Amino acid sequence: LNSKKYYIMNVVREIDRINDKELSLGIYGGLKSSWHDKYKDSAWVYIGGLSYELTEGDVICFMSQWGEIEHINLVRDKNTNKSLGYAFIKYEDQRSTILAVDNFNGTKLLGRTLRCDHVEKYRLPKDILEKEEQNNL
């Protein structure tokens, strides 16, 4: 567990380091020279370190301050249906992902450090895809 926490903090610090370096060079999200540009075709972000008590509605509530949320997948244990403490969020506008990553990564919420990062290629889980297909019939 300590090695996982150490890894998460290293990722948080690395994103902060890259952002600080870009700011010092006058580079900001949305420019082709920004590290965010690699993710310009994805409106998905990963948010981890969530309190297990948070619901989809809770996550939408605080994540929507950076833009309209189109989809949320709060990952849950298949047997107990309890949250596993992380989610994938799709924003309506891809530019919201830059704001979310830059502002939520490393933030503390309910005593836990959040990790927020871009997701280059996200696929909905098979069971959710099947439900959506049935609803569209």
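Because the structure is predicted, anything quoted here is derived from the model rather than measured.

1. Focus on the overall build of the chain
Phase 1: Each helix and strand in the chain was counted, giving four helices and six strands.
Phase 2: Per-residue burial for the chain yields a buried fraction of 40% across its 137 residues.
Phase 3: Considering only residue pairs separated by 6 or more positions, the chain has 62% of its internal contacts joining residues 24 or more positions apart.
Phase 4: Within the structure as shown, the chain displays about 9000 Å² of accessible surface, and the carbon and sulfur contribution to it stands at 51%.

2. Some words on the environment of Phe62
Phase 1: With respect to the secondary-structure elements, Phe62 resides in helix 2 (residues 56–63).
Phase 2: With relative accessibility at 14%, the residue Phe62 sits in the buried group.
Phase 3: With residues near it in sequence (within four places) discarded, Phe62 still touches Leu50, Leu54, Phe104, Leu109 and Leu114.

3. Remarks on the nonpolar core
Phase 1: Counting residues in hydrophobic clusters, the biggest one holds 19 residues, and the most contacted among them are Ile47, Leu50, Met63 and Ile89.
Phase 2: Here Ile89 is in contact with Ala43, Trp44, Val45, Ile47, Val59, Met63, Ile69, His71 and Ile72, once residues within four sequence places are set aside.
Phase 3: Membership of the second largest hydrophobic core comes to seven residues, among which are Trp44, Tyr46, Val75 and Tyr122.

4. Considerations on the packing of aromatic side chains
Phase 1: By the definition in use, this model includes seven aromatic pairs.
Phase 2: Taken together, a centroid distance of 4.1 Å and an interplanar angle of 40° make the contact between Trp44 and Tyr122 tilted. Of this pair, Trp44 sits in strand 1 (residues 44–48) while Tyr122 sits in the loop between strand 6 (115–119) and helix 4 (126–135); the two residues are 78 residues apart in sequence, bridging distant segments of the chain.
Phase 3: The buried category is assigned to Tyr122, whose relative accessible area is 17%.
Phase 4: Feature note: the residues Trp44, Tyr46, Tyr86, Phe88 and Tyr122 constitute an aromatic cluster, connected by ring pairs.
Phase 5: The ring of Tyr52 has Arg112 sitting right over it, with the charged end atom 4.9 Å from the ring centre.

5. Digging into the sheet that holds strand 3 (residues 83–91)
Phase 1: Ordered by their spatial adjacency, four strands build an open sheet running 2-3-1-6, and the pairing between neighbours is antiparallel. Pairing within the sheet leaves two strands with one partner each, and these edge strands are strand 2 (69–76) and strand 6. Mean inter-strand twist for the sheet, computed between neighbouring axes without regard to direction, equals 20°.
Phase 2: Note that strand 1 and strand 3 share five bridges and pair antiparallel.

6. Digging into the side chain of Ser83
Phase 1: Relative to the assigned elements, Ser83 resides in strand 3.
Phase 2: Here Gly85 takes part through its backbone nitrogen, which lies 3.0 Å from a polar atom of the side chain of Ser83.
Phase 3: Residues contacting Ser83, with those up to four places away along its chain left out, are Tyr52, Leu54, Leu74, Val75 and Arg76.

Criteria and cut-off values
- Residues numbered from 1 in each chain as written.
- Predicted model: local features only at pLDDT ≥ 70, side-chain atom pairs only at ≥ 80, totals over all residues.
- Heavy atoms only, no water.
- Helix = DSSP H or I, 4+ residues; strand = E, 2+ residues; numbered from the N terminus.
- Buried < 20%, exposed > 50% of the residue type's maximum accessible area, 1.4 Å probe, protein only.
- Contact = heavy atoms within 4.5 Å.
- Areas by Shrake-Rupley, 256 points an atom, 1.4 Å probe, with all protein chains shown as cover.
- Core = buried A, V, L, I, M, F, W, Y, C linked by side-chain atoms within 4.5 Å.
- Phe/Tyr/Trp six-rings, centres within 6.5 Å; stacked < 30°, edge-to-face > 60°.
- Lys NZ or Arg CZ within 6 Å of the ring centre and 35° of its normal.
- Pairing = 2+ DSSP bridges.
- Axes fitted to C-alpha atoms, helices over the stretch in contact; angles between N-to-C directions.
- Polar contact = N/O pair within 3.5 Å; in protein donor to acceptor, adjacent residues only side chain to side chain.

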